There are 2 protein chains.
Amino acid sequence: MRAKIDKVDIQLINLLAKNSRLTYKELAEQLKTTRQRISRRLDKLEKMGVIKKYTIIPDFDRLGYVYVILGITLKPAAPVDEIIERLKDDQDIKIIERAIGSHNLVIHLVAPKDMKDIEKKIHEISKKIDGIDKMDITFITEIVKFEIL
Amino acid sequence: MRAKIDKVDIQLINLLAKNSRLTYKELAEQLKTTRQRISRRLDKLEKMGVIKKYTIIPDFDRLGYVYVILGITLKPAAPVDEIIERLKDDQDIKIIERAIGSHNLVIHLVAPKDMKDIEKKIHEISKKIDGIDKMDITFITEIVKFEIL
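Since the model is a prediction, treat every value here as computed from it, not as a measurement. (Residues numbered from 1 in each chain as written. Chains lettered and ligands numbered in written order. Predicted model: local features only at pLDDT ≥ 70, side-chain atom pairs only at ≥ 80, totals over all residues. Heavy atoms only, no water.)

Q: Is there a simple way to think about the UniProt feature "coiled-coil region" (unreviewed entry) in chain A in this case?
A: As annotated by UniProt and renumbered to match this structure, "coiled-coil region" (unreviewed entry) occupies residues 17-48 of chain A. The span residues 17-48 of chain A carries 72% helix and 0% strand; its end-to-end C-alpha distance comes to 17 Å. (UniProt positions renumbered as here; feature names shortened; annotations may be inferred. Helix = DSSP H or I, 4+ residues; strand = E, 2+ residues; numbered from the N terminus.)

What follows is the structure in structure tokens.
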């Protein structure tokens, strides 16, 4: 049977989404429980895959990077799984999302600020995608708001 | 003068991007320095805004949410700043990015899985955006890969 996510789990996830560096002690205080119980809940949520990653949101611009989103529309019979397999290990591709709607595949690139290199990279990626119908290329210039939950 | 980001800062950022829950002790061991120095560097990077947030990446689907990306193309003279100001405090809008290229504004929505409510929400958002030329609506079905740096 699949483990359930309860109200306290949701509160825990919301707290960590706002600050993933909160200690067991701080989390326990805010949720009026013990460190041991927090630790057990986090173990559970990690094993279930409900928490996929603890990470940071950096200022890409200050680090010298460009953040590019490729919104890809595929032709109806395009082999999505194969395409993803081909792109997955590319170090410059940070995020790959399957989707429906305007785009079937959303790829996020983080690369040094060199437009020639970025053009080359995008060309290289598009060659790996069979059955591409349309690609929207969007350069993020500023993250105005960033929350997860 | 603007504080500089050095090689050790970059290593620190890369470690935290992979796991933002690493303790000062663990970070100090991996970077062969002291906890005090790690603490000072993190303070600096937070104050500089190079680290914008410590957060988690959850499985939105397991939490009962739909993750929608709105890629918005504005007409040339559209008042971007005003539009952002109008959208910023909306609780369902988690991420707002300014951009150039295919889209000028990228909005990420996280909302409960109810297509009628989502339709209403998207309609409500589009009414707040003057000079909208085109809106690409993409529903993320699976995050296949997620790295930050």
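Q: In this structure, what is going on with the packing of aromatic side chains? I would like to understand it.
A: What characterises a pair of aromatic rings is the spacing of the ring centres plus the angle enclosed by the ring planes. Summed over the entire model, instances satisfying the criterion amount to two aromatic pairs over all chains. Taking 4.9 Å as the distance between ring centres and 55° as the angle between the ring planes, the aromatic pair formed by Phe 60 of chain A and Tyr 67 of chain A counts as tilted. For the pair formed by Phe 60 of chain A and Tyr 67 of chain A, the shared burial category is buried. Cation over ring: Arg 21 of chain A sits above Tyr 54 of chain B, and NZ or CZ is 5.7 Å from the ring centre. (Phe/Tyr/Trp six-rings, centres within 6.5 Å; stacked < 30°, edge-to-face > 60°. Buried < 20%, exposed > 50% of the residue type's maximum accessible area, 1.4 Å probe, protein only. Lys NZ or Arg CZ within 6 Å of the ring centre and 35° of its normal.)

Q: Just checking my understanding: could you explain the interface of chain B and chain A for this structure?
A: The extent of an interface is frequently quoted as the accessible surface area lost upon association of the parts. On the chain A side, the residues contacting the 65 residues of chain B number 65 residues. Of the roughly 6,200 Å² buried between chain B and chain A, counting both surfaces, carbon and sulfur atoms make up 57%. Here chain B is connected to chain A by zero salt bridges. Along the contact surface separating chain B from chain A lie 46 residue pairs in polar contact (both at pLDDT 80 or more). Among the secondary structure elements, those contributing two or more residues to the side of chain B that touches chain A are α1 (7-18), α2 (24-30), α3 (35-48), β1 (51-58), β2 (65-74), β3 (93-101), β4 (105-112) and β5 (132-146) of chain B. Residues of the side of chain B that touches chain A, tallied by class, amount to 37 nonpolar, 10 polar and 18 charged. Alignment of strand β3 (residues 93-101) of chain A against β5 of chain B, held across seven bridges, turns out to be antiparallel. Across the sheet, Glu 97 of chain A pairs through a bridge with Ile 143 of chain B, a residue of β5 of chain B. (Contact = heavy atoms within 4.5 Å. Buried area = accessible area lost by both parts, 1.4 Å probe. Salt bridge = Lys/Arg side-chain N within 4 Å of Asp/Glu carboxyl O. Polar contact = N/O pair within 3.5 Å; in protein donor to acceptor, adjacent residues only side chain to side chain. Nonpolar A, V, L, I, M, F, W, Y, C, P; charged D, E, K, R; others polar. Pairing = 2+ DSSP bridges.)

Q: Teacher, can you tell me more about the pattern of salt bridges here?
A: Two side chains that carry opposite charge are able to pair once their charged atoms sit near each other. Applying the stated criterion across every chain, the model contains 24 salt bridges over all chains. A salt bridge links Lys 44 of chain A to Asp 9 of chain A; the nearest nitrogen and oxygen atoms lie 2.6 Å apart. Taken together, the residues Lys 44 of chain A in helix α3 (residues 35-48) and Asp 9 of chain A in helix α1 (residues 7-18) connect sequence positions 35 residues apart. Residue Lys 134 of chain B is joined to Asp 136 of chain B by a salt bridge in which the shortest nitrogen-to-oxygen separation is 2.9 Å. A relative accessible area of 40% means that Lys 134 of chain B is categorised as partly exposed.

Q: Would you mind going over the UniProt feature "domain: HTH asnC-type" (unreviewed entry) in chain A with me for this structure?
A: Those places that UniProt annotates as "domain: HTH asnC-type" (unreviewed entry) correspond, in this numbering, to residues 5-66 of chain A. With 53% helix and 16% strand, the stretch residues 5-66 of chain A has end C-alpha atoms that lie 37 Å from each other.

Q: What should I look at first to understand the environment of Leu 70 of chain B in this one?
A: With respect to the helices and strands, Leu 70 of chain B occurs in strand β2. Leu 70 of chain B sits 56 residues away from Ser 126 of chain B along the chain, and the two C-alpha atoms are 9.8 Å apart.

Q: Explanation requested: the domain arrangement of chain A in the structure shown.
A: Each domain of chain A was delimited in the assignment, giving domain 1 (7-48) and domain 2 (65-140). When each unit is reduced to the centre of its C-alpha atoms, the spacing between domain 1 of chain A and domain 2 of chain A is 35 Å. (Domains from an automatic or database assignment.)

Q: What is the right way to read the packing of α1 of chain A against α3 of chain A from this model?
A: Axes are the key here: two packed helices are described by the angle between their axes and the distance separating the axes. Residue and element names in this part refer to chain A. Two elements in contact, α1 and α3, have axes separated by 11 Å at closest approach and are oriented at 85°. What the angle tells us is that α1 and α3 run roughly perpendicular. Residues Val 8, Asp 9, Leu 12, Ile 13 and Leu 16 of α1 form the contact with α3, whose participating residues are Ile 38, Arg 41, Leu 42, Lys 44 and Leu 45. In the contact of α1 with α3, the residues fall into seven nonpolar, no polar and three charged. (Axes fitted to C-alpha atoms, helices over the stretch in contact; angles between N-to-C directions. Parallel < 35°, antiparallel > 145°, perpendicular 65-115°, else oblique.)

Q: How should the relation of the copies chain B and chain A be read in this particular structure?
A: In this structure, two copies of a chain are linked by a rotation about an axis accompanied by a shift along it. Aligned on chain A, chain B shows an RMSD of 0.0 Å; the corresponding rotation is 180° and the shift along the axis is 0.0 Å. Seen this way, the second copy is the image of the first under a two-fold rotation axis. Counting the interface residues of chain B, we find that 100% of their copies in chain A are interface residues as well, pointing to one common contact surface. (Least-squares fit on C-alpha atoms with pLDDT ≥ 70 in both.)

Q: It is not clear to me how the pairing of β1 of chain B should be interpreted in this structure. Could you clarify?
A: On any regular strand, side chains alternate: one points to one face of the sheet, the next to the other face. Within β1 of chain B, seven of the eight residues are buried, which leaves the element mostly enclosed by the surrounding structure. Taken together, the seven bridges between strand β1 (residues 51-58) of chain A and β1 of chain B define a ladder with antiparallel strand orientation. The partner of Thr 55 of chain A across the bridge, within β1 of chain B, is Thr 55 of chain B.

Q: Looking at this structure, how should I read unusual backbone geometry?
A: A negative phi angle is the norm for most residues apart from glycine, just as the trans form is the norm for most peptide bonds. Phi is positive for Lys 32 of chain A, which is not a glycine, with a value near 50°. The topology assignment puts Lys 32 of chain A in the loop between α2 (24-30) and α3.

Q: I keep staring at the sheet that holds β4 of chain B and nothing clicks. Help me out?
A: Hydrogen bonds between backbone groups are what pair the strands of a sheet, and the pairing can be parallel or antiparallel. Taken in spatial order, the eight strands line up as β2(A)-β4(A)-β3(A)-β5(B)-β2(B)-β4(B)-β3(B)-β5(A) and close into a barrel, and their pairing is antiparallel. Between one strand axis and the next, the sheet turns by 35° as a mean value, whatever way the strands run. Here strand β2 (residues 65-74) of chain A runs beside strand β5 (residues 132-146) of chain A; their pairing, made up of eight bridges, is antiparallel. Pairing of Thr 73 of chain A across the sheet is with Lys 134 of chain A, part of β5 of chain A.

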